[in-house]
Amino acid sequence: MAIRAFLLLLILFSSSYYAVALYEDQVGLMDWHQQYIGKVKNAVFQTQKAGRKRVVVSTEENVIASLDLRHGEIFWRHVLGDNDTIDAIDISMGKYVITLSSGGSILRAWNLPDGQMVWESFLRGLKPSRSLLLTPTNLKADKDNVILVYGNGYLHYLSSIDGDILWKMDLSHKGVDIQHLIHPEGSETIYAIGVSDLSQFEAYIINARSGELLKHSSMSFPGGFSGDISLVASDKAVVLDSSGSILVSISFIEGEIKFQPVNIANLVQHISGSAVLLPSKLAGMVAVKIGKSLSFIKVTNEGRLEAVDTIPHVEAVSDSLPFSEGQSGFGLIQHDGTKIHLTLKTGNDWKSHLLKESFKIDQHRGLVHKVFINNYIRTDRTYGFRALIVMEDHSLLLMQQSEIVWNREDGLASIIDVTTSELPVEKDGVSVAKVEHSLFEWLKGHLLKLKGTLMLATPDDIAVIQRLRLQSAEKSKMTRDHNGFRKLLIVLTRAGKLFAIHTGDGRIVWSLLLNAFRKSVTCENPRGLKIHQWQVPHHHALDDNPSVLVVGTCGLNSDASGILSFVDAYKGVELNYIAPHHSISQVIPLPFTDSIEQRLHLLIDAEGYGHLYPKNPEAISIFQEELGNIYWYSVEVNSNVLRGHVVKKNCVPEIGDDYRFESSDLWSVVFPSDSEKIIATSTRKLSEVVHTQAKVTSDQDVSYKYISKNLLFVATVTPKSTGEIGSVIPEDSWLFVYLVDTITGRVLHRMSHHGSQGPVHAVFSENWVVYHYFNLRAHRYEMSVIEIYDQSRADNKDVLKLVLGKHNLTAALSSYSRPEVITKSQSYFFPHSVKTMAVTATAKGITSRQLLIGTIGDQVLALDKRYLDPRRTVNPTQAEKEEGIIPLTDTLPIMPQAYVTHALKVEGLRNIITVPAKLESTTLVFAHGVDLFFTRLAPSRTYDSLTEDFSYALLLITIVALVIAIFVTWIWSERKELEEKWR
């Protein structure tokens, strides 16, 4: 009986090791998901009716979202396509959100409470134009509210119930830039005003019921116009002349046009600088920015211009907000150090303020870019106001009663580049009280886990177990762990802001808006490019913090001057800033460091010169020793040319800069423009680790991988195939792929796919490359794999040569020695379109690799590399089955369990980053787009560690039970032996 109990416990204990699943209470232990919307462009408040107070916004990431005004949480949102830019939003009938997108081509209505699409209308046109949306409240057609849309040269009149087009008018042949649609209150007419030939003011009066053109007026202004027209009333507008020094008041009452020009110098005293008319819609006045001051100019009923006030350091002005009958106000924002001042004024009584509040703000948020105001009624029946503020770092804040109610870090929706940093080492020394507390918590936690295992836990106990699991994981500690799971993700956003995100729980450790990447007089269009690890202290220099290098330029041109910023990875402090005079077209991290662990970088400018950083004597001496081994390549997509470069051994003496080097072209590969066009390239990661070069096959043969970090994958298509999928017939479409050695320019392999088309997404790892494309003949997507092997080491299979040492395994590899390579390839159908691809990376390269595929549905799919083995056959032999070769099928399998993101979506997915952990079985995965997602993957399962939810209490109980069972068995055995002796 004791033996039976022993075997039962042993089976129970052993079966606990092989339970592989993800339960509901395990969600969030190894992954996190964060949702964002991006920088807000437009906002419409909905607070009039009972229910949840919300604000509907559209963003630069093409997101339409409904936010809770209480907490800033997302009620619902929709991420439109990259080419479906949102032009305007509004709310119709108090229940529909109306969006106009794609240059005025698509009009949609969304249900306000839940965000479900109600209808969608496609508005055709002949000529691209600006897009305008107007939802008049007092204009109806057969008791239905209507919507006015101007886009692609047509004026459309639609029903807000179903989106049907009631009538449309062609204005494209007139050559007029329509800038405003106006519906005078109580009128049955519509005004469309604009400019033609930069000097002709045009006004159209249209019957709203029939779409008939009632009147067309036109008048030329001798001075010409510049900028957009600012509408101040239903029959008045203001615009700047071509010189920017004269304001022109335009009256168009009933189509009768009248100009009243006034020199700005006569309105505003002591002006300096050019005048800019702000686009804010103010009732009865305009705002003119001159230098650092903002002047408010009132337009009288007769159309005269009168100066009201000039206010310095105004950063943003809101549109007018009607809040009671005959009254409207607008907000303006001023900066004063770390404080922001919000002032609400009304045009009727300029000297008084509707509201004047101040609040402190983090200086790393930058300046205010936009402000939207909204009113509400307090309990004492007076009017209160709230302000939605968009900051320079793309964050969103709601201010009410001199306090920041909530804020959103929506700059994280536009990440440009990502790198990682290790956390500090945990210091030794722990107090006795802490140990005793930890021991008590440990016992308590394992008792609760035991209750859960025996199914005796109450719902409260289950909640405590979940909380203890999250705490015991220690994933949020600010120190590095022995498995390498806890790291800092250093991300650079489009706003020029750095964030350090903890991989444990996704919280922001620090953020820094780089002054070097802010708009200034010397740098009008700064933009970030890349982040590189600059200083990574090792164990002998742990007192120094690691730092990163942020690289950017002051413009979009290739010859724009570069920006360098050095930031402490632990503290988020800018250590140094360099604004070099040279441009930056390429950054080459070199595999050398100086005595303080600063990594050498070679920055290539537009003229082909190399600039060495850091600029110190030690760096130059290290660099001089390695000059003959520093190569790089460039891809000129526009000219279809690949070029290889090398650094010359001499500096440029006449410049007087010892850290500037000349380079020369080694080779070039020119693809004929009339037959091929470069569409994609891919290369191996410099940090990738390969465990072994040898690959033993099922027939006991050895193949040697051709492992070179100088290989480049290039994909080209015929010129006719550069358009959208289906824009060319299969007979005229070719896809070519090349493997090129970037040291010599030698093409090692070339393959063609007839009847195939891009876009091409590729990933290069070890000795293989996988790429994704579209097969026009099969009308399906395909994925192909190419593996490349080194035949020059084939003689090393002889055991006798290996014993006698007559092999070339230790011979140095050189790109200049002509390689003897063979390739193996295979193609498979793949059911999904792909946005991006990556491959898992581990510390030693022992673990099998998985492809991480970003699908068109904004999810991340993990696909085992074994499915893309070119040696797959329909009927593999027994030896091949033992090796792990999967039988050949024409389509790659997609299993629901293979989705790394589970049921979640990474909306607007742009990139997937993989980082090896210290634990060989595990890789860290970070996917970013509009959303962020992080998780840990074990492609070959966690063969080198126990899982976090492993029941140590059950193990202890099992050991105790085994000891007791052994002791009891021994007693019984002794008794039985004694009884037999007495017989």
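Residues numbered from 1 in each chain as written. Predicted model: local features only at pLDDT ≥ 70, side-chain atom pairs only at ≥ 80, totals over all residues. Heavy atoms only, no water.

### Some remarks on the overall build of the chain
Part 1 of the reasoning: Each helix and strand counted, the chain has 8 helices and 65 strands in total.
Part 2 of the reasoning: Counting all 983 residues of the chain, 51% fall into the buried class.
Part 3 of the reasoning: For the chain, the proportion of contacts with a sequence separation of at least 24, taken over those separated by at least 6, is 51%.
Part 4 of the reasoning: Taken as a whole, the chain presents about 47,400 Å² of accessible surface, with 53% of it coming from carbon and sulfur. (Helix = DSSP H or I, 4+ residues; strand = E, 2+ residues; numbered from the N terminus. Buried < 20%, exposed > 50% of the residue type's maximum accessible area, 1.4 Å probe, protein only. Contact = heavy atoms within 4.5 Å. Areas by Shrake-Rupley, 256 points an atom, 1.4 Å probe, with all protein chains shown as cover.)

### Here we look at unusual backbone geometry
Part 1 of the reasoning: Of note, the bond from Tyr613 into Pro614 is cis; its omega dihedral lies within 30 degrees of zero at 0°.
Part 2 of the reasoning: Looking at where Pro614 falls in the secondary structure, it is placed in the loop between strand 46 (610–613) and helix 5 (617–625).
Part 3 of the reasoning: With an omega of 5°, the peptide bond running from Gly758 to Pro759 counts as cis.
Part 4 of the reasoning: Here Pro759 shows up in strand 56 (residues 756–765).
Part 5 of the reasoning: The phi dihedral of Asp197 is positive, around 55°, even though this residue is not glycine.
Part 6 of the reasoning: Structurally, the position occupied by Asp197 is in the loop between strand 16 (189–196) and strand 17 (200–207).
Part 7 of the reasoning: Residue class for Asp197 comes out exposed when judged on its relative accessible area of 69%.
Part 8 of the reasoning: The backbone of Asn640 shows a phi angle near 60°, a positive value even though the residue is not glycine.
Part 9 of the reasoning: Position of Asn640 among the secondary structure elements: in the loop between strand 47 (631–636) and strand 48 (641–652).

### Some remarks on a nonpolar patch on the surface
Part 1 of the reasoning: A contiguous nonpolar patch, built from Leu956, Val960 and Ile964 and spanning about 270 Å² of accessible area, is present on the exposed surface.
Part 2 of the reasoning: For Val960, the position within the fold is in helix 8 (residues 952–982). (Patch = residues over 30% accessible without salt bridge, like charges linked within 9 Å, V, L, I, M, F, W, Y side chains within 5 Å. Salt bridge = Lys/Arg side-chain N within 4 Å of Asp/Glu carboxyl O.)

### Some details on the nonpolar core
Part 1 of the reasoning: Ranked by size, the top nonpolar core spans 36 residues in total, and within it Val57, Leu388 and Phe926 carry the most contacts.
Part 2 of the reasoning: The residues touching Val57, leaving out its near neighbours within four places in the chain, are Ile37, Val40, Asn42, Ala43, Val63, Ile64, Ala65, Leu67, Ile89 and Leu388.
Part 3 of the reasoning: Listed in part, the 20 residues of the second largest apolar core include Val785, Leu851, Leu861 and Leu863. (Core = buried A, V, L, I, M, F, W, Y, C linked by side-chain atoms within 4.5 Å.)

### Re the pairing of strand 13 (residues 154–159)
Part 1 of the reasoning: Counting buried residues in strand 13 gives 6 out of 6 residues, a clear majority hidden from the surface.
Part 2 of the reasoning: Direction of pairing for strand 12 (residues 144–151) relative to strand 13: antiparallel, over a ladder of 6 bridges. Bridged to Ile147 within strand 13 is Leu158.
Part 3 of the reasoning: Hairpin connection from strand 12 to strand 13: 2 residues lie between these consecutive antiparallel strands, with Asn152 at a positive phi of about 55°.
Part 4 of the reasoning: Inspection of the sheet shows strand 13 paired to strand 14 (residues 165–170) by 5 bridges, in the antiparallel sense. Note on strand 14: the bridge partner recorded for His156 is Lys168.
Part 5 of the reasoning: Connecting strand 13 to the next strand, strand 14, in antiparallel fashion are 5 residues, including Gly163 with a positive phi near 80°. (Pairing = 2+ DSSP bridges.)

### Digging into the packing of aromatic side chains
Part 1 of the reasoning: Counted according to the given criterion, the structure contains 20 aromatic pairs.
Part 2 of the reasoning: With a centroid separation of 6.3 Å and 50° between ring planes, the pair formed by Trp32 and Phe926 is classed as tilted. Highlighted residues: Trp32 in strand 1 (residues 32–34) and Phe926 in strand 64 (residues 923–928), separated in sequence by 894 residues.
Part 3 of the reasoning: Among the residues examined, Phe926 registers a relative accessible area of 1% and is labelled buried.
Part 4 of the reasoning: Residues Phe201 and Phe259 carry aromatic rings whose centres are separated by 6.5 Å and whose planes lie at 85° to one another, so their mutual orientation is edge-to-face. With Phe201 in strand 17 and Phe259 in strand 22 (residues 256–263), the pair connects residues that are 58 residues apart, well separated along the chain.
Part 5 of the reasoning: With relative accessibility at 15%, the residue Phe259 sits in the buried group.
Part 6 of the reasoning: What links up through ring pairs into an aromatic cluster is the set Tyr191, Phe201, Phe221, Phe225, Phe252 and Phe259.
Part 7 of the reasoning: When the ring centre of Tyr154 is taken as reference, the NZ or CZ atom of Lys168 above it lies at 5.0 Å.
Part 8 of the reasoning: Over the ring of Trp768 we find Lys865, and its NZ or CZ is 5.0 Å from the ring centre. (Phe/Tyr/Trp six-rings, centres within 6.5 Å; stacked < 30°, edge-to-face > 60°. Lys NZ or Arg CZ within 6 Å of the ring centre and 35° of its normal.)

### Description of the state of the cysteines
Part 1 of the reasoning: A full pass over the atoms with the stated rule returns 1 disulfide.
Part 2 of the reasoning: The residue that forms a disulfide with Cys523 is Cys554, at a sulfur-sulfur distance of 2.2 Å. Negative torsions about the S-S bond denote left-handed disulfides, and the value of about -120° found for Cys523 with Cys554 makes this one left-handed. In this pair, Cys523 is assigned in the loop between strand 39 (508–513) and strand 40 (527–535) and Cys554 in the loop between strand 41 (547–553) and strand 42 (562–568), connecting sequence segments 31 residues apart. (Disulfide = S-S within 2.5 Å.)

### Regarding the pattern of salt bridges
Part 1 of the reasoning: The full count for this structure, using the stated rule, is 32 salt bridges.
Part 2 of the reasoning: Residues Glu607 and Arg660 are paired through a salt bridge, measuring 3.9 Å at the closest nitrogen-oxygen approach. Here Glu607, found in the loop between strand 45 (599–604) and strand 46, pairs with Arg660, found in strand 49 (residues 657–670); they are 53 residues apart in sequence, far enough to count as distant.
Part 3 of the reasoning: By relative accessible area, which is 63% here, Glu607 ends up exposed.
Part 4 of the reasoning: Salt-bridge contacts for Arg871 lead to Glu883; the nearest nitrogen and oxygen are separated by 2.5 Å. Residue Arg871 is found in the loop between strand 62 (860–864) and helix 7 (878–883), and its partner Glu883 is found in helix 7; the two are separated by 12 residues along the sequence.
Part 5 of the reasoning: Here Arg871 falls in the buried class, since its relative accessible area comes to 15%.
Part 6 of the reasoning: A relative accessible area of 30% places Glu883 in the partly exposed class.

### Things to note about helix 8
Part 1 of the reasoning: Taking 1.5 Å per residue, 31 residues should reach 45 Å; helix 8 reaches 45 Å between its end C-alpha atoms and fits that length.
Part 2 of the reasoning: Taken residue by residue, helix 8 has Ala953, Leu954, Thr958, Ala961 and Ala965 as its buried positions. (Expected span 1.5 Å × (residues − 1).)

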